[in-house]
Amino acid sequence: MTGNDVVLALVITTGLGFDFTNGFHDTGNAMATSIVTGALRPRLAVAVSALLNLVGAFLSTAVAATIAGGLVNSRDVTLTVVMAGLTGSILWNLTTWFLGIPSSSSHALIGGVVGATMAAAGCSAVKWQGLVSKVIVPAALSPVIAGVVAALGTYLVYRLTRGVSEDSQRHGFRLGQIGSACMVSLAHGTNDAQKTMGVITLALIANGTLSAGAKSPTWVIASCAGAIALGTYIGGWRVIRALGKGLVEIDAPQGMASESASAAVILSSTDFGYSLSTTHVATGSILGAGVGRKGAVVRWQIANRMVVAWLLTLPAAAVVGALAYWAADGIGGTEGVVAISVILVLTAIAFYVASRHPAVTPENVNAAWTGSVVPRAGRRSGP
C-alpha cells in the first residue's frame, strides 16, 4: 500500500468509528422514554433500534449529499482535513457521552469538518450560506417545533382519554410507544447514518477515487448503516438515563406523544436534505411532553445544561478539528495522520475505562434519579 492508501484506509475506518459513537450516543433519542415507561425492556429496545437504524440508512441519501457537497468546497478538502474533522467530532461525542449529556453527534461531525477545513484553507473554503440554511437554522427551530407538537399531542392525549382508567391508559399507550419508538429509530437511520456517508464520500472525492459531486457508493452506505446499527445495539446507557430519567418524569402517554413528534420532524427534515440533530428534536419533544401534562415534573436545570452543550458543540468540535489538522500537518504526511489516529484511539480507551467506574447498565438505567447520571449503589430499576 502507498502512503495515500494508508491514509484513506485510516480515514474510512475512523469515519465508521464515528458512526459507531453516533449510534450509542443517540440511542436514547428513540428509546429512552420507552425504556423508562416499561414499554420495552432495555436490551430489547436497543436491539429493535439497531435493526431499524440499519434499515433507515438505506431509505434516502439527501442528507449525505448535503454533507458531501453543501457545507465546504470539496476541492479544498484533503484526507488529512477529513481525518482531523472526524477526530474533533469523535472526541466531543465521547466527552458528552461520558458526562451523560445528549448533545448533537450531527453538529459535532459538521463542526469538526468545518474547523479542519478552515485550518487548512481558510474561511473562504466554508459554504456559509449552506451551513446557516441547512444546519444552524434547523438546529434553532427543530427543538421548538418538536416541543410544540409534543406538548399539543400530550395535551390532546390526556384530554381525549380522561375517562379511561389509568391502568388501561398505561397499557394501551405502552403498546403505542413501541410503534412510535420504532418510527424514531427508522427516522434516525434516514438522517444520522447518512452524515458519515457524506464524510467518507468527501474523503473519496479528495483522494480522486470519486469525481466531485458523486453520490455515495453502495459499499459506503452499507458499511455506515452497519456501524451505526452496531453502536446503537451497544446502547449508550448514560445518555439514555439522562434523557429518560433526568429531564422529565414521563409516563406512557407522554412517551408516545414525544416519540411521534420526533419521528414526524426528523422524517420531514430528511426529505428536504436538512442535516438535522435528532438529539435536539428528541429533547425538545420530551420537554414538550412534560409541559403538555399538567403537574408533570420538568427539570429545567438539566435542560439548561443540555442547551449549553448544544451551543458549544459546533465551535468546540471545530476547535478540536482545527488543532488536530495543525498537529497532523505539522508532523507531515502519513505519519501525521497516524499520530492523531493513535491519540484518538488511546483517548477513546481512557474514556471507556473511566466510564466503567461506576458503570450505567441496562440493570440500573431506570434507577431513581438522584441528580447524577450515575445511579447510587443499591438502587433498583423501575418498571
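It should be emphasised that the depicted structure is a prediction, and the values quoted were computed from it without experimental measurement.

**Here's the deal with the nonpolar core**
- Among the nonpolar cores identified, the biggest contains 78 residues, and Val11 and Leu247 are the most heavily contacted of them.
- Broken down by element, this core gets its largest block of residues, 11 residues, from helix α1 (residues 3-37).
- Once you skip the residues sitting within four places of it in the chain, valine 11 turns out to touch Leu79, Val82, Met83, Leu86 and Ala203.
- If you look at the next biggest cluster of nonpolar residues, it comprises five residues, including Ala146, Ala187, Ile266 and Val281.

**Quick notes on the packing of helix α6 (residues 128-160) against helix α12 (residues 278-292)**
- One way to put it is that α6 packs onto α12 with a least axis distance of 7 Å and a crossing angle of 35°. Note that α6 runs across α12; the crossing there is right-handed. Taking contact as the criterion, the partners of Ala139, Ser142, Pro143, Ala146, Gly147, Ala150, Ala151, Thr154 and Tyr155 in α6 are, on α12, His280, Val281, Gly284, Ser285, Gly288, Ala289 and Gly292.
- Of the residues belonging to the contact of α6 with α12, the class tally is eight nonpolar, eight polar and no charged.

**Looking at helix α5 (residues 105-121)**
- In this model, α5 (17 residues) spans 24 Å end to end at C-alpha, consistent with the 24 Å of a helix rising 1.5 Å per residue.
- Most of α5 sits out of view: 14 of its 17 residues are buried.
- Two to three positions downstream of the cap, the backbone nitrogen of serine 106 sits 3.3 Å from a side-chain oxygen, assigning the N-cap of α5 to serine 104.
- Once α5 ends, the next one or two residues include glycine 122, with phi positive near 90°.

**Details of the packing of α5 against helix α13 (residues 300-331)**
- Taken N-terminus to C-terminus, the directions of α5 and α13 make an angle of 45°; their axes are 6 Å apart at the nearest point. Taken together, the axes of α5 and α13 lie oblique to each other. The interaxial crossing formed by α5 with α13 has right-handed handedness. Residues His107, Ala108, Ile110, Gly111, Gly112, Gly115, Ala116, Ala119 and Ala120 of α5 form the contact with α13, whose participating residues are Thr313, Leu314, Ala317, Ala318, Gly321, Ala322, Tyr325 and Trp326.
- Residues belonging to the contact of α5 with α13 are distributed by class as follows: 11 nonpolar, six polar and no charged.

**Some points on the confidence of the model for the protein chain**
- Summing up the model confidence of the protein chain, the mean pLDDT is 84 and the portion of residues at 70 or higher is 93%.
- Ranking the elements of the protein chain by mean pLDDT puts helix α3 (residues 62-69) last with 58 and helix α14 (residues 333-355) first with 93.

**Re a nonpolar patch on the surface**
- Together, Val338, Val342, Val345, Leu346, Ile349, Tyr352 and Val353 make up an exposed nonpolar region whose accessible area comes to about 620 Å².
- Note that isoleucine 349 resides in helix α14.
- A residue is classified by how much of its surface remains accessible, and isoleucine 349, at 48% relative accessible area, is partly exposed.

**Overview of unusual backbone geometry**
- For the peptide bond that leads from histidine 357 to proline 358, omega is -5°, which places it in the cis range.
- Relative to the helices and strands, proline 358 resides in the segment after α14.

The rules behind the values
- Residues numbered from 1 in each chain as written.
- Predicted model: local features only at pLDDT ≥ 70, side-chain atom pairs only at ≥ 80, totals over all residues.
- Heavy atoms only, no water.
- Core = buried A, V, L, I, M, F, W, Y, C linked by side-chain atoms within 4.5 Å.
- Buried < 20%, exposed > 50% of the residue type's maximum accessible area, 1.4 Å probe, protein only.
- Helix = DSSP H or I, 4+ residues; strand = E, 2+ residues; numbered from the N terminus.
- Contact = heavy atoms within 4.5 Å.
- Axes fitted to C-alpha atoms, helices over the stretch in contact; angles between N-to-C directions.
- Left-handed = near helix turned anticlockwise from the far one by under 90°.
- Nonpolar A, V, L, I, M, F, W, Y, C, P; charged D, E, K, R; others polar.
- Expected span 1.5 Å × (residues − 1).
- Polar contact = N/O pair within 3.5 Å; in protein donor to acceptor, adjacent residues only side chain to side chain.
- Parallel < 35°, antiparallel > 145°, perpendicular 65-115°, else oblique.
- pLDDT = per-residue confidence, 0-100.
- Patch = residues over 30% accessible without salt bridge, like charges linked within 9 Å, V, L, I, M, F, W, Y side chains within 5 Å.
- Areas by Shrake-Rupley, 256 points an atom, 1.4 Å probe, with all protein chains shown as cover.
- Salt bridge = Lys/Arg side-chain N within 4 Å of Asp/Glu carboxyl O.

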